[in-house]
Amino acid sequence: MSRWKALPADLDPRVRQLVVRLRRLKDHGDLSMQRLAAKTGYSQKSWERYLNGRSLPPREAVEALAQVGGEDPTRLLVLHELAAEGWEKRRRVPSVAEADGKAAPGAAAEAEADEAGPSPAGSKVARPHGRSLRIAVVAGAVALVLAVVSAVLLAVRLTDHGTDNRAATPRPASSTGSFPASGSAPTYTCRIQRTDGHWYAGNSRTQDAILAQGVAGPDVAEAQCLLRRAGFSPGGIDGVYGPLTERAVKDLQKRAGLPPDGIVGPHTWGALRK
């Protein structure tokens, strides 16, 4: 087991969660930094920066580590997407060194080498203005893509919710039990039923939706109802994936023998609906 350095105190919680998961995956595979670099194609120094919170690993590096560790990369990529938002927010706040015009050239060169790949002998580090422009363009593109994806997901969830409500209106409440939802609108109700060997609560029939902190909608309400049925309290059935819901998911994952990462994916849905 590696003796890891403490992560920076000002590290965004979303970035911290990603780094902790990557550290666990490396330790679980009993990989040294040298072996990790050889298997993923990213240098040993790059992995030292990634795993100590000094640099955000590229999406491809996260996927490569997941494949080396024999883990489904879906969850790690969701964590990476959330971490990228936190990292970009952190980078917008100028550091004291940059404000004084004394940024360390070694750190800047390392970050540049990370993004541009290995450079030939004798080449110079790219000028800061070009790098800043490139970062601004990439950040703008990422923000645009995230905005479009969020709008599409919201539209799909609202459509699914409306369909589920219309289909559920004529049906009487199940005799197998129900839990009144707490909190204000939107209101969700747990109508627990067992169909074809699986549990359903009447809010969503998904088997593979990815849920994490910050997500809201009927899929979350469905998971909250099933968590309550399984004996784990997610707080109110409000359709919002908050800290109480995450804690309940981790407790369920521990009981089911799954990695307790607090993210609902296909395996956790399987445990909820069994």
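Residues numbered from 1 in each chain as written. Predicted model: local features only at pLDDT ≥ 70, side-chain atom pairs only at ≥ 80, totals over all residues. Heavy atoms only, no water.

## Re the overall build of the protein chain
Reasoning step 1: If you tally the helices and strands in the protein chain, you get 11 helices and 4 strands.
Reasoning step 2: Put simply, the protein chain has 274 residues, and 35% of those count as buried.
Reasoning step 3: Counted over contacts in the protein chain with a minimum sequence separation of 6, partners at least 24 positions apart contribute 52%.
Reasoning step 4: Counting only carbon and sulfur atoms, one obtains 57% of the accessible surface of the protein chain, whose full area is about 15,800 Å². (Helix = DSSP H or I, 4+ residues; strand = E, 2+ residues; numbered from the N terminus. Buried < 20%, exposed > 50% of the residue type's maximum accessible area, 1.4 Å probe, protein only. Contact = heavy atoms within 4.5 Å. Areas by Shrake-Rupley, 256 points an atom, 1.4 Å probe, with all protein chains shown as cover.)

## Things to note about helix α4 (residues 59-68)
Reasoning step 1: All buried positions along α4 are accounted for by Ala61, Val62, Ala64, Leu65 and Ala66.
Reasoning step 2: Where α4 is buried, its residues meet α1 (13-28), α2 (33-40), α3 (44-51) and α5 (73-92).
Reasoning step 3: Where α4 terminates, the next one or two residues include Gly70, which has phi positive at roughly 70°.

## Section: the environment of Asp219
Reasoning step 1: Inspection of the secondary structure puts Asp219 in helix α9 (residues 218-229).
Reasoning step 2: Using a relative accessible area of 15% as the deciding quantity, one classes Asp219 as buried.
Reasoning step 3: As a C-alpha pair, Asp219 and Asp208 span 11 residues in sequence and 10.0 Å in three-dimensional space.
Reasoning step 4: Side-chain polar atoms of Asp219 contact the side chain of Ser204, separated by 2.6 Å. (Polar contact = N/O pair within 3.5 Å; in protein donor to acceptor, adjacent residues only side chain to side chain.)

## A closer look at the nonpolar core
Reasoning step 1: Ranked by internal contacts, the top residues of the largest apolar core, which has 26 residues, are Ile192, Leu211, Leu226, Leu252, Trp269 and Leu272.
Reasoning step 2: Breaking this core down by element, the ones donating at least two residues are α9, α10 (243-256) and α11 (266-273).
Reasoning step 3: No other element matches α9, which puts 6 residues into this core.
Reasoning step 4: In this structure, Val62, Leu76, Leu79 and Trp87 belong to the second largest nonpolar core, which totals 25 residues. (Core = buried A, V, L, I, M, F, W, Y, C linked by side-chain atoms within 4.5 Å.)

## A closer look at the state of the cysteines
Reasoning step 1: This model, assessed by the stated rule, comprises 1 disulfide.
Reasoning step 2: With its sulfur 1.9 Å from that of its partner, Cys190 forms a disulfide with Cys225. When the S-S torsion is -80°, as for the bridge of Cys190 with Cys225, the disulfide is left-handed. Of the two residues, Cys190 sits in strand β2 (residues 190-191) while Cys225 sits in helix α9, which places them 35 residues apart along the sequence. Cys225 carries the same exposure label as Cys190, and that label is buried. (Disulfide = S-S within 2.5 Å.)

## Let's talk about the packing of aromatic side chains
Two measures describe an aromatic ring pair: the distance that separates the ring centres and the angle between the ring planes.
Reasoning step 1: Per the counting criterion, the structure on display carries 2 aromatic pairs.
Reasoning step 2: Taking 6.4 Å as the distance between ring centres and 75° as the angle between the ring planes, the aromatic pair formed by Tyr42 and Trp47 counts as edge-to-face.
Reasoning step 3: Judged by its relative accessible area of 0%, Trp47 falls in the buried class.
Reasoning step 4: When the ring of Trp47 is compared with that of Tyr50, the centres are 5.3 Å apart and the planes differ by 85°; the resulting orientation is edge-to-face. In this pair, Trp47 and Tyr50 both sit in helix α3, 3 residues apart, roughly one turn of the helix.
Reasoning step 5: Judged by relative accessible area, Tyr50 falls into the buried class, the value being 0%.
Reasoning step 6: Here the aromatic cluster, defined as three or more aromatic residues joined through ring pairs, consists of Tyr42, Trp47 and Tyr50. (Phe/Tyr/Trp six-rings, centres within 6.5 Å; stacked < 30°, edge-to-face > 60°.)

## Some thoughts on the confidence of the model for the protein chain
Reasoning step 1: In the predicted model, the protein chain carries a mean pLDDT of 79, and 74% of its residues have values of at least 70.
Reasoning step 2: Confidence drops under pLDDT 50 across residues 96-109; counting only partners more than four residues distant or on other chains, this segment forms 4 contacts. (pLDDT = per-residue confidence, 0-100.)

## Quick look at the environment of Gly236
Reasoning step 1: Structurally, the position occupied by Gly236 is in the loop between α9 and α10.
Reasoning step 2: Each C-alpha atom of the pair Gly236 and Tyr188 lies 9.6 Å from the other, and the pair is 48 residues apart in sequence.

## Side note on the pattern of salt bridges
Reasoning step 1: For the structure shown, the criterion picks out 5 salt bridges.
Reasoning step 2: Here Asp12 and Arg14 are joined by a salt bridge, their closest N and O atoms 3.0 Å apart.
Reasoning step 3: Given the relative accessible area of 29%, Arg14 is considered partly exposed.
Reasoning step 4: Measuring nitrogen to oxygen at the nearest pair gives 3.7 Å for the salt bridge that ties Glu85 to Arg14. Of this pair, Glu85 sits in helix α5 while Arg14 sits in helix α1, and the two are 71 residues apart along the sequence.
Reasoning step 5: Taking relative accessible area as the criterion, Glu85 reaches 33% and is therefore assigned partly exposed.
Reasoning step 6: One connected set of salt bridges, linked through shared partners, spans Asp12, Arg14 and Glu85. (Salt bridge = Lys/Arg side-chain N within 4 Å of Asp/Glu carboxyl O.)

## Considering a nonpolar patch on the surface
Reasoning step 1: Residues Leu144, Val148 and Val152 make up a contiguous nonpolar surface patch of roughly 280 Å² in combined accessible area.
Reasoning step 2: Inspection of the secondary structure assignment puts Val152 in helix α8 (residues 128-168).
Reasoning step 3: Of the residues examined, Val152 reaches a relative accessible area of 48% and is grouped as partly exposed. (Patch = residues over 30% accessible without salt bridge, like charges linked within 9 Å, V, L, I, M, F, W, Y side chains within 5 Å.)

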